[in-house]
Amino acid sequence: MTFAASRPAFAWLLGLGGAIAFFLLFVLVLDRNPFTVFGAVLVGAFGSDVGLNRTIARAIPLLLLSAGLLLAFRAKFWNIGLNGAMYMGAIAASGVALYNPTAPGWLILPLMLLSALAVGAAWSLIPALLRVWFGASEIIVSLMLNYVAARIGDFLVISYWKDPNGRGFPGTATFQEGFWLPRLGSSNVHLGLLFGVVAMVAVWLVLSRTVWGLRVDLVGQGARAAQYLGISSAAVLLAVAGVSGALGGLAGAGEVAGLNHRLEAGVTQDLGYTAILVVSLGLLRPWLTAVACLAVAGLLVGGTQVQLQFGLPSAVSGVLLWAILYGVINAQNLAERWKGGAPPFRPAAREGTAAAVVSRLAASSGARGPRDGLGSSERSG
Amino acid sequence: MTAVTALLDPGSVEMGVIIAFVAAVVRSGAALLPATLGAIVTERSGATNLGVEGLMLVGAVAGFAAASQSGSPVVGVLTASAAGGLLCVTHAIPVVQGRVSPERQLVLGLILVYLGDALSRLFGQPYVGHSSAALDTRFAVPLLADVPVLGEMLFQQRGLVYWSYGLAVAVWFVLYRTRLGLHLRAVGEEPAAADALGVRVDLYRFGAIVVGGMLMGFAGGVLSLSTIGAWTEGLTGGRGWIALGLVTFANWHPLWAIAGTLLFGGFEAAQFRLPAAFPGAQYLLGILPYLAPIATLPLITARMRGRSAAPAALGRPYFREARG
């Protein structure tokens, strides 16, 4: 084993070792046995039917959200507004359910999902349009829109949509049973799991097997390269924003139609932010991201379990969770840096030469030659 | 006519309401402003830090605890700044030394939000509902406080309020009137050019992130010791996110940040003065601080083409060999 090959291993040792050392110290300071606590996280998340049930239920929205984020982030469209899209999706689905209380479920349930898809897409198109039209940073716009959505939802559940029999609880009345997504047996696992898996597989297929996926990556490489190949980066940005928002909306609809059966304040539980962490942990690659979904969902559920079992304040599991994830992110980063070269998902690196990319694109009907106006001065650097 | 004279009469009821409102606006803005300045300093160096909300929470607890132990609000805010700066070292190391990709930079900022929240809940537990902290006290500026209307509006505030607005002027001075500030802006704009001129890009970015964190921590201290005067979990209530929006709204300029802060402080102050019978209007006002940056961003980026101060290298790691 050469030194070059062992450097990524050293990075993992540093990042993960640091995280584990922090975990050990922190738990020891709290006067608990770190191994029992860690065992309890695993058992709590994956070891029992109840735990596994909760973990998968948590992973469903994460799958949908991170599938959408993969597309957006691969095009370097930094959509951090999926929490808002998810909230708006939940609101839209709830609205359809609340205003048609007596309609048949076979009609309303699909309408709930469709409206969530549409509203979520529209919500994420706002930052995309502002970027395409004005060059405005999508980060700040999508971030602000998260709070706009949350305020709208919080307002609705304490006013017009409030459950009259809710004893002051900020939430709507429970939907009628016809509007619930089917569940697997007596578990919490609902049809949303299928949507999530399909979405993730579809995103993987699109990114790895289609010209459109290559375009997404090329736009992510830099607008100039894409423009040179005749790709409209505006169209790609709008598409990835719309699809990611739609999937975010669907995640929200899944929470209200599949899990809670009503709209509550704080329905997203910040999963739209957690998903950003998940795709980063998954190195922006679909399969790794799917694994990261399950792992992070497990940590969230296991952490809650531990705090109940050991009588620890919820802040403790919070500190541990985020400190560990901080360590992992750093380990991944150092492993990439010290290995040298580009991260493996970059198509230019994967496909070999730029000529291969060009010929693949030229074979597709949408490709055009270099445009005028992008002269040598653009490429001289 | 009588209404107008009544309004202009410093002693009238109407004038009293207006004076109290403006004073409340200035007070509300005091906790928002240092956080905004912190984000401006950070972003001017080309680094991002989404963790404002978490850093404010940590600052709020640290400040409250230190003021309780020491009996001095000044010790409180200084501790709050130190806590914010210290926590930001964990952000600066991967962002500057680790040269993380843009999406990891966002993720690390978000981790800081949640880590800060969890830390503040952990260490703040004994201080929930605690009232023995030495809170910020009112300070009437000599002479100025006696100016009829303006004095009551601006110069009879609590002590830390003056610090906040003073910091904005200080940050402006450093950014625009010193070599240090020129270098910092160059690093955020054209790191390769700055590097070629011998400016140590990494050092400036590291420093900007840590100083930015100190300002965010300071803002938390102002919030718990002055604006609200208590510690509860989730005390910031979204102010950290609003501060991030304010950076854009103020076009990355410390003095414009004062104007933006007063406007946003106005939204906050008005929220508590609306009749409770219209919760919708309250929520609408609560949304405005988030909508305002969205509404103005296109104007800033399109209409002011070339004059937008958004740092060109924002969020991009700097590799010397890549030259930009």
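Described below are features of the structure shown in this document.

Reading the values: rules and limits
- Residues numbered from 1 in each chain as written.
- Chains lettered and ligands numbered in written order.
- Predicted model: local features only at pLDDT ≥ 70, side-chain atom pairs only at ≥ 80, totals over all residues.
- Helix = DSSP H or I, 4+ residues; strand = E, 2+ residues; numbered from the N terminus.
- Contact = placed C-beta atoms within 7 Å.
- Buried ≥ 20, exposed ≤ 12 C-beta atoms within 10 Å, placed from the backbone.
- Axes fitted to C-alpha atoms, helices over the stretch in contact; angles between N-to-C directions.
- Left-handed = near helix turned anticlockwise from the far one by under 90°.
- Nonpolar A, V, L, I, M, F, W, Y, C, P; charged D, E, K, R; others polar.
- Core = buried A, V, L, I, M, F, W, Y, C linked by C-beta atoms within 7 Å.
- Parallel < 35°, antiparallel > 145°, perpendicular 65-115°, else oblique.

Right, let's talk about the overall build of chain A for a bit. Within chain A one finds 16 helices and 0 strands. Looking at chain A alone, contacts between residues at least 24 apart form 77% of all its contacts between residues at least 6 apart.

With that settled, consider the overall build of chain B. Helix and strand counts for chain B come out as 13 helices and 0 strands. Walking chain B from its N terminus toward its C terminus, one meets helices and strands in the order α-α-α-α-α-α-α-α-α-α-α-α-α. Structurally, chain B occupies a C-alpha span of about 70 × 50 × 40 Å along its principal axes. Within chain B, the proportion of its 324 residues that are buried is 52%. The long-range share in chain B, meaning contacts at least 24 apart out of those at least 6 apart in sequence, stands at 78%.

Let us look at the packing of helix α5 (residues 105–134) of chain A against helix α10 (residues 233–260) of chain A. Residue and element names in this part refer to chain A. Their axes nearest at 6 Å, the elements α5 and α10 cross at an angle of 145°. As for the relative orientation of α5 and α10, their crossing is right-handed in sense. Tallied by class, the residues present in the contact of α5 with α10 amount to 20 nonpolar, 8 polar and 1 charged.

Let us look at the nonpolar core. Counting residues in hydrophobic clusters, the biggest one holds 217 residues, and the most contacted among them are Ala 93, Met 112 and Val 240 of chain A. For this core, the leading source of residues is helix α10 (residues 201–227) of chain B, giving 15 residues.

Moving on, we come to the environment of Leu 294 of chain A. Residue and element names in this part refer to chain A. Looking at where Leu 294 falls in the secondary structure, it is placed in helix α12 (residues 286–309). In this structure Leu 294 comes out as partly exposed when scored by C-beta crowding, with 18 C-beta atoms within 10 Å. Sequence separation between Leu 294 and Arg 58 is 236 residues; the distance between their C-alpha atoms is 8.4 Å.

The next subject is the interface of chain B and chain A. Tallying the contact residues gives 39 residues for chain B and 37 residues for chain A. Elements supplying a minimum of two residues to the side of chain B that touches chain A: α5 (102–124), α11 (239–249) and α13 (279–303) of chain B. Ranked by the residues each element gives to the side of chain B that touches chain A, the list is headed by α5 of chain B, at 15 residues.

What follows deals with unusual backbone geometry. All names here are of chain A. Phi at Asp 31 is positive, roughly 65°, even though this residue is not glycine. Take Asp 31: it is sitting in the loop between α1 (3–29) and α2 (34–47). Phi at Gln 269 is positive, roughly 50°, even though this residue is not glycine. Mapping Gln 269 onto the fold places it in the loop between α10 and α11 (271–281).

On to the packing of helix α6 (residues 138–158) of chain A against α11 of chain B, then. Two elements in contact, α6 of chain A and α11 of chain B, have axes whose closest approach is 10 Å; the angle formed by their N-to-C orientations is 140°. Looking at the two axes, α6 of chain A sits oblique to α11 of chain B. α6 of chain A and α11 of chain B meet at a crossing whose hand is left-handed. Here α6 of chain A contributes Ile 140, Leu 143, Met 144 and Tyr 147 of chain A to the contact with α11 of chain B, which in turn contributes Trp 241, Leu 244, Gly 245 and Thr 248 of chain B. Its residues assigned to classes, the contact of α6 of chain A with α11 of chain B shows 6 nonpolar, 2 polar and no charged.

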